[in-house]
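Structural characterization, general
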Amino acid sequence: MHYWRILSALCLTLAMFCLPRAAVALDGVTVVLSEEGGAYTQVADKLRAVLSQSGGTARLPVKVIPLKEGDSLRADPGQLLVAVGTGAMEELAKKNLPQPVLSVLVPRAAFEKTARQSGRLGDPRNFSAIYLDQPWARQFSLIRHALPGRTKVGILLPPNSTELATALSAAAKAAGFVAIIEMVDGEADLLPVLKRLLGESDVVLAVPDPLIYNRNTVQSILLTTYRHQVPLLGFSPSYVKAGAIAAVFSVPEQIGQQAAEIIQRLAADRRLPLPLPPRYFSVGVNAQVARSLGIGLDDEASLNSKLKRTSEGEP
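Residues numbered from 1 in each chain as written. Predicted model: local features only at pLDDT ≥ 70, side-chain atom pairs only at ≥ 80, totals over all residues. Heavy atoms only, no water.

**Some thoughts on helix α5 (residues 136–146)**
- The buried fraction of α5 amounts to eight of the 11 residues, a majority that puts the element mostly inside the structure.
- Turning to α5, its buried residues number three or more, namely Trp136, Arg138, Gln139, Phe140, Ser141, Leu142, Ile143 and Ala146. (Buried < 20%, exposed > 50% of the residue type's maximum accessible area, 1.4 Å probe, protein only. Helix = DSSP H or I, 4+ residues; strand = E, 2+ residues; numbered from the N terminus.)

Structure follows, in structure tokens:
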């Protein structure tokens, strides 16, 4: 009898040590902002508002800190970390804390690069993301509904984007389009490559990349596409306001809502879902640009409704 008591105690001890790190019950959320204010704070405010609602895990306490206070973070298996923006994601990846990390407002390419460099690419259940990028199928659906008959889609990509180019070509083909892809080596190469692309395309799809689409290039890109009478689809409300004919995007509150829903659905083992695109989205249009180009464009509500119908079944 004494032997079996010792054996049982030993087995219990070993079982406790062998539990995966994610098996600790979730007791709070710490949100780390890349910057204070703007879209970063809007995501955090929405997430906190949803998780403060009554009932179940929705009452989880939420702490919001700026990245400059990230040094105060310590190993706490009971916490879930939410990195808002690329800066916060990169810093939390470097720390390699035992807490699972959900990154939001981050481009897919930036997330995959960070996960690879930090050795977390094979750990998606503890290092995951809601991408900033919309699914390709959703973007091609917008082109189909907003600009029917335009099938040659021009796309600018940064160098060393072979895998992305292959994925885009496949997605375009599946949606009934032809992707015409050009690589841009740097800002000096941008306009010559864009002009060559415009000669072969009847619509340009902007793909988020800081080398190509940034505050120094936005006006030149939009003016060049406008002069060539080729509409450009952007990826944010600001791009639509600046002159893109339309865009599908997720506003910070929609990203915050999705992040909160993921947290609410976490099981006892706290395993995050695999990295995924935004679930909720909006459509913006620039009616003035459409009129100037002689294009009849549906209003935002109509296009949004059409995209939601065709997006059923997407993540």
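**Observations concerning the packing of aromatic side chains**
- For the structure on display, the rule yields six aromatic pairs.
- Relative to Phe127, the ring of Phe111 has its centre 5.4 Å away and its plane inclined at 15°; by these criteria the two rings are stacked. With Phe111 in helix α4 (residues 108–117) and Phe127 in strand β5 (residues 127–131), the pair connects residues that are 16 residues apart, well separated along the chain. Phe127 shares its class with Phe111; the two are buried.
- Judged by centre distance (5.5 Å) and plane angle (25°), the ring pair of Phe140 and Phe177 falls under stacked. One end of the pair, Phe140, is in helix α5; the other, Phe177, is in the loop between α6 (162–174) and β7 (178–183), with 37 residues separating them in the sequence.
- Using a relative accessible area of 8% as the deciding quantity, one classes Phe177 as buried.
- Members of the aromatic cluster, joined through ring pairs, are Phe111, Phe127 and Tyr131. (Phe/Tyr/Trp six-rings, centres within 6.5 Å; stacked < 30°, edge-to-face > 60°.)

**Considering the side chain of Ser161**
- Structurally, Ser161 is set in the loop between β6 (152–157) and α6.
- From its side chain, Ser161 meets the backbone oxygen of Pro158 in a polar contact 2.6 Å long. (Polar contact = N/O pair within 3.5 Å; in protein donor to acceptor, adjacent residues only side chain to side chain.)

**Some points on the side chain of Arg138**
- Assignment of secondary structure puts Arg138 in helix α5.
- At 2.7 Å, the side chain of Arg138 and the side chain of Gln134 are in polar contact.

**Digging into the pattern of salt bridges**
- Taken as a whole and judged by the stated rule, the model has nine salt bridges.
- Lys95 is the partner of Asp71 in a salt bridge, and the nearest nitrogen-oxygen pair spans 3.6 Å. Here Asp71, found in the loop between β2 (62–66) and β3 (79–84), pairs with Lys95, found in helix α3 (residues 86–95); they are 24 residues apart in sequence, far enough to count as distant.
- Accessibility expressed as a relative area gives 30% for Lys95, which makes it partly exposed.
- Here Glu182 ties to Arg196 by a salt bridge, and the two come within 3.2 Å at their closest N and O atoms. Placement of the pair is Glu182 in strand β7 and Arg196 in helix α7 (residues 187–198), with a sequence separation of 14 residues.
- By relative accessible area, Arg196 is classed as partly exposed at 43%. (Salt bridge = Lys/Arg side-chain N within 4 Å of Asp/Glu carboxyl O.)

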